[in-house]
Amino acid sequence: MKKLNNKWKYGILVVFFLVLANLEFLVRKDLIYGHDIYFHLARIKGISDSIKAGTIPALIYPGYLSGYGYPNGVFYADIFLYLPALLVYLGLNINIAYKIMMILINIGVFGSMYYAMKKIAKNKYTALIVGLMYLMSSYKFCDMFLRAALGETLAFVFFPLFILGLYSIFYGDKKNWYYFTIGLIGICFSHNLSLLMCLMVTILVFFLNIKEVFKDKERFRKLMTGGILAILICLSFIGPMVEMMLSDKFSYSTLLGSDMVVKRAANPLYAIIAIPSGASPWQPMGIGFVFIFLLVYLRKVMIKDKKDNKFSRDMLFLGLVFLILSTSIFPWNLVKNVLGIIQFPWRFYMLVTILLLVGFGIKISNYKNLNKRVFTLIVSAFMIETFLIGSVYHLRFNGLDDNKEYWISQGEYVPDDVDLEYLKTRGDIITSNEDVKTTFERKGINLEISYSDNNSDDTYLELPLVYYKGYVAKEDNNTLKVIKGDNGLVRVYLNNSEGNIKVYYGFTKVRIGCLIISVIALGGFIIIIENQKKNYLI
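Residues numbered from 1 in each chain as written. Predicted model: local features only at pLDDT ≥ 70, side-chain atom pairs only at ≥ 80, totals over all residues. Heavy atoms only, no water.

J.: Any details on the packing of aromatic side chains? Residues and values, ideally.
T.: Throughout the structure, instances matching the rule amount to 36 aromatic pairs. Each ring, one from Tyr76 and one from Tyr413, has its centre 5.8 Å from the other, and the planes form 80 degrees; the classification is edge-to-face. Of this pair, Tyr76 sits in the loop between helix H5 (72-75) and helix H6 (82-89) while Tyr413 sits in the loop between helix H21 (372-394) and helix H22 (420-426), and the two are 337 residues apart along the sequence. Here Tyr76 matches Tyr413 in class, with each residue buried. When the centroid spacing of 5.5 Å and the interplanar angle of 65 degrees are considered together, the rings of Tyr460 and Tyr493 count as edge-to-face. On the criterion of sequence distance, the pair formed by Tyr460 in strand S4 (residues 460-466) and Tyr493 in strand S8 (residues 489-493) is long-range, its members being 33 residues apart. As far as the burial class goes, Tyr460 and Tyr493 line up, both buried. (Phe/Tyr/Trp six-rings, centres within 6.5 Å; stacked < 30°, edge-to-face > 60°. Helix = DSSP H or I, 4+ residues; strand = E, 2+ residues; numbered from the N terminus. Buried < 20%, exposed > 50% of the residue type's maximum accessible area, 1.4 Å probe, protein only.)

Here it is, written out as C-alpha cells:
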C-alpha cells in the first residue's frame, strides 16, 4: 500500500513539473521573443513551403532571400522539424505547431534522463529526481525560452542516452554500448555544435580511463564500433553538408576566429545564476543554485563514499572543467581560431548541467540515510525558483514581429558573392545575355521555363535562384549546363533555338552515395543489436 501511495505521489510530482515546464506554452496564445525564435519558426515555415511545393526533402527553402532560396536544409538536419511543418501544411497555426513540438521535447527530456539514470544508478527514486532536475534545469529553460535555441533544446533529449552509452562502454555493462550510437545519431540530427561537444567529452572520458581501456580492449572495440556506426548513419547529412561547405564560400566563415567567442564568455559571477535585472539579455541564466545545494547536502557521502564510484567522480570533474570553459576564466583568446565555431562559450552549460546531475545522481543513490521526503521538497523548491527566475528573465521580452517570416539570423549560409539588397530589387525575373523571349512558372524553387528566339550558341539564362551545388536543368531528358552566374545566381546555358526547361534542386552524387551508405549502416546497426540481444538471451 505504501509503495502504491509513493507511486501516486511521485506521479503527481512528475505531472506537476511537466505542466510547470510547459506552462508558458499552455496558457499563452502567442509566443514571446527568444534570440533564435524567428530563425526556427522560419525553418518550420520553409519545410512546410517545400511540402506544399512537392520538394521533399526540403534542402533549399523557398520563400527565403526574396524567393531565391536558402540552404538551411543542407546545413541543418531538419528531420525532427517535419512534424510541426506537416501540421502547418495541414493548416495549423505555426505558433501552435511550435508549442506542440516544445511540449513533446520536454516530455522527451524528462523521459530520456529518467531512463538513463535508471540504467546507471539502478534506483527509480534517483532516476525520477534527476530526471525532474534535468527537465527544470536553468540552462534548459534558457535554451527553450530565452534563447529559443531549438537545436540545442532537442539535443537535451539525446544527451542522457549518449552519457548512458559512455557509461556502458567505459564503466558498466559493455553490451549496452549501442546507447552511445543512438545518442550520437540523435544529437547529430538535432544540433551540429552539440556533436562537437560530444566529441570533446568522449576524448576526455577516454583519457580518464586509458588504463582500463588497455586492460580491457573490448571496451575500445565497442567505442570504435559505436562511433563508426554513428558516423556512417549520419553520413547522409554530414557528407552533403561538407560537400556544400567545400563548394563555395559562405558568410559563416567570417565567424571563425572572430572575437565573438571571447566577448561572449560568461562572467564567472553569473556562472551559477544571473539575476534578470542586472544581466544582459545575452547573458544566460547560469546553471542554477540547485548545484550549490547538492554540493552542500551530499558533502558527507561525497567524502565518505566507500564505493568511490569512478564514474561519478569523472562526471563531476568534467562538469567542473566545462564550467570553467564556459567562463572568461578560460583563456579563450588563445584558442579562438580553433574553437571559435562554438560562438558562445556558455553553450557548455548544457554539458555542465548533465555531467553534474549524473555525477550527483550517483551520490544520491549511494546516500543510504537520505531523507527522501525532505530532499524532494528542497529540490522541488529550487526547481520552482529556477522557473520563477527564468520567467522573470524571459518576460522582459515582447511578443513576435510578424514581419520576420523568413528570418536568416546572421545569414551564415548566404554565399559571399550574393548581395541581398540586389535580390530584392532584381525581382522574380529571368535575364539573358541575348535577346531571348522567356516565360516561366514557379513552384517553390522548381521552375518550368519556356524560351524562344535563341539565335546564339552561347546563350544563357540567369534565374531568380541563388546558386548552390546541386541545381539541375533538364530539357527533353537532356541535362543542360548549370553554373554560378553573376551575383551568385543560377545560370543555365541553352542548346536550342526554343524549348522547355525544368529546373530543380537534385541529389548530387555525393548525397546519393552517402544516403546509400547510411541506409546500409542503419540496417547493419539494427541487425547487430538484434543478434546481440539473441546471444545474451541464449
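J.: How would you explain the confidence of the model for the chain if you had to name every residue and give the values?
T.: Averaged over every residue, the pLDDT of the chain is 86; residues scoring 70 or more account for 91%. When pLDDT is averaged over each helix and strand of the chain, the minimum, 62, is found for helix H17 (residues 299-304) and the maximum, 96, for helix H11 (residues 178-188). (pLDDT = per-residue confidence, 0-100.)

J.: Please provide a residue-by-residue account of the sheet that holds strand S7 (residues 482-484), values included.
T.: Spatial ordering of the open sheet is given by S1-S4-S8-S7, a layout of four strands whose pairing is antiparallel. Lying at the two open borders of the sheet, with one neighbouring strand each, are strand S1 (431-432) and S7. Examined bridge by bridge, S7 and S8 share three bridges and lie antiparallel to one another. Bridge pairing in S8 places Val482 opposite Val492. (Pairing = 2+ DSSP bridges.)

J.: Please provide a residue-by-residue account of the sheet that holds strand S3 (residues 446-452), values included.
T.: Strand order in the open sheet formed by five strands is S2-S3-S9-S5-S6, and the pairing between neighbours is antiparallel. Unpaired on one side and paired on the other, strand S2 (437-443) and strand S6 (478-479) mark the two borders of the sheet. Note: S3 against strand S9 (residues 499-505), five bridges, orientation antiparallel. Residue pairing for S9: Tyr451 is matched across the bridge by Gly499.

J.: Help me get a handle on a positive patch on the surface, residues and values and all.
T.: Taken together, the side chains of Lys7, Lys118, Lys119, Lys122, Lys124 and Lys533 define a basic patch exposed on the protein surface. In this fold, Lys124 is placed in helix H8 (residues 124-135). Judged by its relative accessible area of 56%, Lys124 falls in the exposed class. (Patch = residues over 30% accessible without salt bridge, like charges linked within 9 Å, V, L, I, M, F, W, Y side chains within 5 Å. Areas by Shrake-Rupley, 256 points an atom, 1.4 Å probe, with all protein chains shown as cover. Salt bridge = Lys/Arg side-chain N within 4 Å of Asp/Glu carboxyl O. Lys, Arg positive; Asp, Glu negative; His and termini not counted. Charge placed at Lys NZ, Arg CZ, Asp CG, Glu CD.)

J.: Quick one: what's the story with the environment of Leu355, residue by residue and with numbers?
T.: Mapped onto the elements of the fold, Leu355 is located in helix H20 (residues 349-366). Measuring from C-alpha to C-alpha, the distance between Leu355 and Leu316 comes to 6.3 Å, with 39 residues separating the pair along the chain. Leaving out residues up to four positions away in the same chain, Leu355 has contacts with Ile163, Met315, Leu316, Leu318, Gly319 and Phe322. (Contact = heavy atoms within 4.5 Å.)

J.: Could you give me a rundown of a nonpolar patch on the surface, with the residues and numbers involved?
T.: Where nonpolar side chains cluster on the molecular surface, the patch consists of Phe507, Ile512, Leu515, Ile516, Val519 and Ile520 and spans about 550 Å² of accessible area. Following the sequence through the fold, Ile516 ends up in helix H23 (residues 509-537). On the basis of relative accessibility, which here comes to 49%, the residue Ile516 falls in the partly exposed class.

J.: Account for the environment of Ala58, with residues named and values stated.
T.: Mapped onto the secondary structure, Ala58 falls in the loop between helix H3 (37-53) and helix H4 (64-67). Taking the relative accessible area as the measure of exposure, Ala58 reaches 3% and is therefore buried. A C-alpha to C-alpha distance of 27 Å links Ala58 and Cys198, two positions 140 residues apart in sequence. If we ignore the near neighbours within four places in the chain, the residues touching Ala58 are Ile47, Ser50, Gly73, Asp78 and Tyr82.

J.: I'd like a description of the state of the cysteines, backed by residues and values.
T.: Here the structure, examined in full by the defined rule, presents zero disulfides. A disulfide-free cysteine, Cys188 has its sulfur positioned 3.4 Å from the sulfur of Cys234, the nearest such atom. Since its relative accessible area comes to 1%, Cys188 is described here as buried. (Disulfide = S-S within 2.5 Å.)

J.: Please give an account of the packing of H3 against H6 that cites residues and values.
T.: Running from amino to carboxyl end, H3 crosses H6 at an angle of 60 degrees, the nearest separation of the two axes being 8 Å. In this view, H3 runs oblique relative to H6, as classed from their interaxial angle. With respect to the hand of their crossing, H3 and H6 are arranged in right-handed fashion. Residues Ile44, Ile47, Ser48, Ile51 and Lys52 of H3 pack against Tyr82, Pro84, Ala85, Leu86, Val88 and Tyr89 of H6. Broken down by class, the residue content of the contact of H3 with H6 amounts to nine nonpolar, one polar and one charged. (Axes fitted to C-alpha atoms, helices over the stretch in contact; angles between N-to-C directions. Parallel < 35°, antiparallel > 145°, perpendicular 65-115°, else oblique. Left-handed = near helix turned anticlockwise from the far one by under 90°. Nonpolar A, V, L, I, M, F, W, Y, C, P; charged D, E, K, R; others polar.)

J.: Tell me about unusual backbone geometry, and name the residues and values.
T.: Pro57 follows Ile56 through a cis peptide bond whose omega is 5 degrees. Looking at the secondary structure, you find Pro57 in the loop between H3 and H4. Located in the positive-phi region is Lys122, a residue other than glycine, with phi close to 55 degrees. Tracing the chain through its elements places Lys122 in the loop between helix H7 (94-121) and H8. Phi is positive for Asn477, which is not a glycine, with a value near 65 degrees.

J.: Which residues make up the pairing of S9, and what are the values?
T.: Where burial is concerned, the two faces of S9 differ: the one with Gly499, Ile501, Val503 and Tyr505 is buried and the one with Asn500, Lys502 and Tyr504 is not. Where strand S5 (residues 471-475) meets S9, four bridges bridge the pair, whose relative direction is antiparallel. Considered in S9, the bridge of Tyr471 is made with Tyr505.

J.: Which residues make up the pattern of salt bridges, and what values do they have?
T.: Under the defined criterion, the tally for this structure stands at 20 salt bridges. For Lys45, the salt bridge identified is with Asp49, shortest N-O distance 2.9 Å. Separated by four residues within a single helix, Lys45 and Asp49 lie in helix H3, roughly one turn from each other. The pair formed by Lys45 and Asp49 is uniform in burial state, with each residue classed as buried. Residue Asp143 is joined to Arg147 by a salt bridge in which the shortest nitrogen-to-oxygen separation is 2.9 Å. The exposure classification of Asp143 matches that of Arg147, with both residues buried.

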